[in-house]
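What follows is the residue order along each chain.
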Amino acid sequence: MRPLALIDTHTHFDVPDFEHDRLALAQLAYERGVEALVLIGFLAKRFDRLVQVQQQINQAATPHPQALLAPGLHPFYINEHAEQDLQQLEQLIKTKHVIAIGEIGLDTFTAEMKQPTVFARQQEFFSAQLDLAQQYDLPVMLHIRRAHAETLAILKKHNFKQGGIAHAFGGGVQEAKAFVKIGFKLGVTGQVTNPNVKRLHQVIQAVGAAHLVLETDCPDMTPLCCQQSHEHRTRNTPANLPYVLDGLSQILKMDQQKLAAQIWQNSCDALNLDWNYLHVIPH
Ligand SMILES: [Zn+2]
């Protein structure tokens, strides 16, 4: 019997942390029910690697999740992006099967990111990538830190209707509802397993299962149960996604089987996938 079928909607499974054991981890993730995972972009210079890793996974002889591509220019790396990176992104959209643009958005977490010129440039790149998403009718993967109102304002100014996922959602209840209202799902990470993240739990309860998707955001956001030490960060992997489902089911007080089916549908809706829910009923 297959475990509950899941989609990891946000991974950085292309990064060097996974170079030595990526296919073994992909197989483990598949054995735990992860049917698909999304490879998220952040820098144009890594786009080639993103595509190579997609091929490496999808051509593996061992059982593996299907790897999907969502390239984009991350706001946190704004000083590393150049105008021609946008053309490189468009080229990728034209030539590869890209399911979303990501991760894109606004980030004012640090003092440097808040500087007016830096923030203005973030807004320019965010807008330009929303234009591309509209032109090619693609959803977007949003990265937002301490800039929820500004992000919403830009999406509204674009009259953005393609939707997507607000990844690792860290806003409050009102902000969460505002993103849901304009067609976004909220990405839930392993943070949900931390009893101290009361605000996230409130958001989850207010929004409900109908508007949530799961992600590992690996190699970061390791679920509490998989954390091996307090001193060092334990690498997160797509194989940990069932722990995120487990954490979410506890917060929503919802049966895992029912929740997994709903989350599957939400993920497919957000990413325009017409996949039927794969869970095999035991017999
Ligand atoms: Zn990410």
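Residues numbered from 1 in each chain as written. Predicted model: local features only at pLDDT ≥ 70, side-chain atom pairs only at ≥ 80, totals over all residues. Heavy atoms only, no water.

### Some remarks on the packing of helix H6 (residues 148-157) against helix H7 (residues 173-181)
Contact geometry of H6 with H7 gives a least axis separation of 11 Å together with a crossing angle of 15°. Relative to H7, the element H6 is oriented roughly parallel. By crossing handedness, the relation of H6 to H7 is classed as left-handed. Across the interface between the two elements, His148, Thr151, Leu152 and Leu155 of H6 pack against Glu175, Ala178 and Phe179 of H7. (Axes fitted to C-alpha atoms, helices over the stretch in contact; angles between N-to-C directions. Helix = DSSP H or I, 4+ residues; strand = E, 2+ residues; numbered from the N terminus. Parallel < 35°, antiparallel > 145°, perpendicular 65-115°, else oblique. Left-handed = near helix turned anticlockwise from the far one by under 90°. Contact = heavy atoms within 4.5 Å.)

### Regarding empty space enclosed by the protein
Considering all chains together, one arrives at one cavity of 30 Å³ or more under this definition. Lining the largest cavity are Leu73, His74, Pro75, Ile78, His81, Ile104, Gly105, Gln122, Phe125, Phe126 and Gln129. At the level of elements, strand S4 (101-107) and helix H5 (116-135) are the ones that each hand at least two residues to the lining of the largest cavity. When its residues are assigned to classes, the lining of the largest cavity shows six nonpolar, five polar and no charged. (1 Å grid on protein atoms, 1.4 Å probe; cavity = no way out; pocket = protein on both sides within 12 Å on 5 of 7 lines; lining within 4 Å. Points joined across faces, edges and corners; volume = space filled by probe spheres on them. Nonpolar A, V, L, I, M, F, W, Y, C, P; charged D, E, K, R; others polar.)

### Considerations on the state of the cysteines
Enumeration over the complete set of coordinates arrives at zero disulfides. Not engaged in a disulfide, the cysteine cysteine 218 finds its nearest cysteine sulfur in cysteine 226; these two sulfurs lie 12 Å apart. You can see cysteine 226 has no disulfide; the closest cysteine sulfur is in cysteine 225, sitting 3.7 Å from it. Of the residues examined, cysteine 226 reaches a relative accessible area of 14% and is grouped as buried. (Disulfide = S-S within 2.5 Å. Buried < 20%, exposed > 50% of the residue type's maximum accessible area, 1.4 Å probe, protein only.)

### Some words on helix H1 (residues 22-31)
When we look at burial in H1, the residues that qualify are Arg22, Leu25, Ala26 and Ala29. Buried residues along H1 cover an arc of 105° about the axis, so they all sit on one side. The secondary structure elements touched by the buried residues of H1 are strand S2 (34-40) and helix H2 (47-58). Once H1 ends, the next one or two residues include glycine 33, with phi positive near 105°. (Arc of directions from axis to C-beta.)

### Structural notes on the coordination of the zinc ion
Protein ligation of the zinc ion involves His10 (NE2), His12 (NE2) and Glu103 (OE), the donor distances falling in the range 2.0 to 2.1 Å. Sequence spacing among the residues donating to the zinc ion works out to H-x1-H-x90-E. Overall, histidine 10 belongs to the buried group, its relative accessible area being 1%. (Donors = N, O, S within 2.8 Å, 3.2 Å for Na, K, Ca; no water.)

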